[in-house]
Amino acid sequence: LSYKISGNQYSLDDQKKIYRVRGNVVMTSKEQNLIIYGQASDAYRLQNIAKVYNNAYLAKITDEGDTLFLSADTLVSIDSTDPKKKRVLAYHNVKIFKKDLQGIADSLEYRLADSLLVFYKKPVLWTNDNQMSADSVSMQIENNTIRRIFLKTNAFVVSEDTTIHDFNQIKGRTMIAEIKNRKIDRVQVNGNAENLYFALDEKTKAMMGMNKMISSSILIKFKEGKLFTFHAYVKPEAKFIPPHELTPEDKKLKGFNWQLDKRPKKEDVVKN
């Protein structure tokens, strides 16, 4: 394996090529800027597989000098002479924490060759005031920095407007969120795009009403991580509802689910 492994106790079976390490396990890959921690590790040299469990988490240092932490019940490293087959798997109770990004899922796959993180089963990501969810979420890392987030099937972005305590919402079949300077820069929504956006008075910050738009695709631009402008394509339907006509049902798109209570903190992910 391309990792260096250390710990308190070692059990080595050279015949079967199975190596077990217990207590303060640390697996380091300088090549990937990756360190995996846990209290138990089983390495199967013939299969090029290593498992880390019992308070397992990993730390990946980004080029921005920040660190992405990820925890799960079990972390599995799969090594190979074929770079396309190298990957890290995390399964059950996956949580990620970075200063500007947090997330949860049941399981996750990190494909080292193309630096792609794929989240499975009820994935949710948070960045600043934005919550992103879909049936499948994947994250593209370039130069050790998150560049794009792909949301496939039932894609939904919720952005809390803390001034009026209401939620701007975007939904569609698929979305691609572009990240710039650690913040969402733009979101392209494709297929059954819907956008619900509260308009505020620039001076008083009072709510002037709510815009609702339906289109086949919508491009949404953000400024400092907050929704700024949007452009609809192909026969958009738009309506503006003034405050006195708004009902609670108007304020939520179908499938709305604000899950802030599940947003991980650093201490939820980094196990001591």
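Residues numbered from 1 in each chain as written. Predicted model: local features only at pLDDT ≥ 70, side-chain atom pairs only at ≥ 80, totals over all residues. Heavy atoms only, no water.

So, about empty space enclosed by the protein. One pass over the full model with this rule turns up four cavities of 30 Å³ or more. There is about 120 Å³ of room inside the largest cavity. In terms of lining, the largest cavity is formed by 13 residues, of which the most central are Lys98, Asp100, Ile146, Ile179 and Arg182. Those elements that provide at least two residues to the lining of the largest cavity are β15 (145-161) and β16 (166-180). The element contributing the most residues to the lining of the largest cavity is β15, with four residues. Of the residues contributing to the lining of the largest cavity, the split by class is four nonpolar, three polar and six charged. (1 Å grid on protein atoms, 1.4 Å probe; cavity = no way out; pocket = protein on both sides within 12 Å on 5 of 7 lines; lining within 4 Å. Points joined across faces, edges and corners; volume = space filled by probe spheres on them. Helix = DSSP H or I, 4+ residues; strand = E, 2+ residues; numbered from the N terminus. Nonpolar A, V, L, I, M, F, W, Y, C, P; charged D, E, K, R; others polar.)

Further remarks concern the environment of Met175. The residue Met175 is located in strand β16 in this model. Along the primary structure Met175 and Ala134 are separated by 41 residues, whereas in three dimensions their C-alpha atoms are 9.2 Å apart. In this view, Met175 contacts Ile149, Phe150, Leu151, Ala155, Phe156, Val157, Ile170, Val187, Gln188 and Val189; residues no more than four positions away in its chain are not counted. (Contact = heavy atoms within 4.5 Å.)

Under the counting rule described, the total for this entry stands at ten salt bridges. Notably, a salt bridge pairs Lys98 with Asp100, separated by 2.9 Å at the nearest N-O pair. Judged on exposure class, the residue Lys98 and its partner Asp100 are both buried. Put simply, Arg148 and Glu178 hold a salt bridge, and the shortest N to O gap is 3.5 Å. Taken together, the residues span a long stretch of sequence, with Arg148 in strand β15 and Glu178 in strand β16 at a distance of 30 residues. Judged by relative accessible area, Glu178 falls into the partly exposed class, the value being 27%. (Salt bridge = Lys/Arg side-chain N within 4 Å of Asp/Glu carboxyl O. Buried < 20%, exposed > 50% of the residue type's maximum accessible area, 1.4 Å probe, protein only.)

The next point concerns the nonpolar core. Of all hydrophobic cores here, the largest spans 50 residues; its most connected members are Ile96, Phe119, Met139, Ile149 and Leu151. When near neighbours in sequence (up to four residues on either side) are disregarded, Leu151 contacts Met132, Ser133, Ala134, Ser136, Val137, Val157, Arg173, Thr174 and Met175. Counting eleven residues, the second largest nonpolar core, distinct from the first, contains Val158, Phe167, Met210 and Ile241. (Core = buried A, V, L, I, M, F, W, Y, C linked by side-chain atoms within 4.5 Å.)

Enumeration according to the criterion identifies three aromatic pairs in this entry. An aromatic cluster is defined as three or more aromatic residues linked by ring pairs; in this entry it consists of Phe167, Phe256 and Trp258. (Phe/Tyr/Trp six-rings, centres within 6.5 Å; stacked < 30°, edge-to-face > 60°.)

Once that is clear, we can look at the environment of Val76. Relative to the assigned elements, Val76 resides in strand β8 (residues 74-78). You can call Val76 buried: its relative accessible area is 5%. Sequence separation between Val76 and Lys265 is 189 residues; the distance between their C-alpha atoms is 23 Å. Non-local contacts of Val76, meaning those with residues more than four positions away in its chain, are made with Ile49, Ala50, Lys51, Arg87, Val88, Leu89 and Tyr91.

By themselves, these observations are geometric and do not establish any function.
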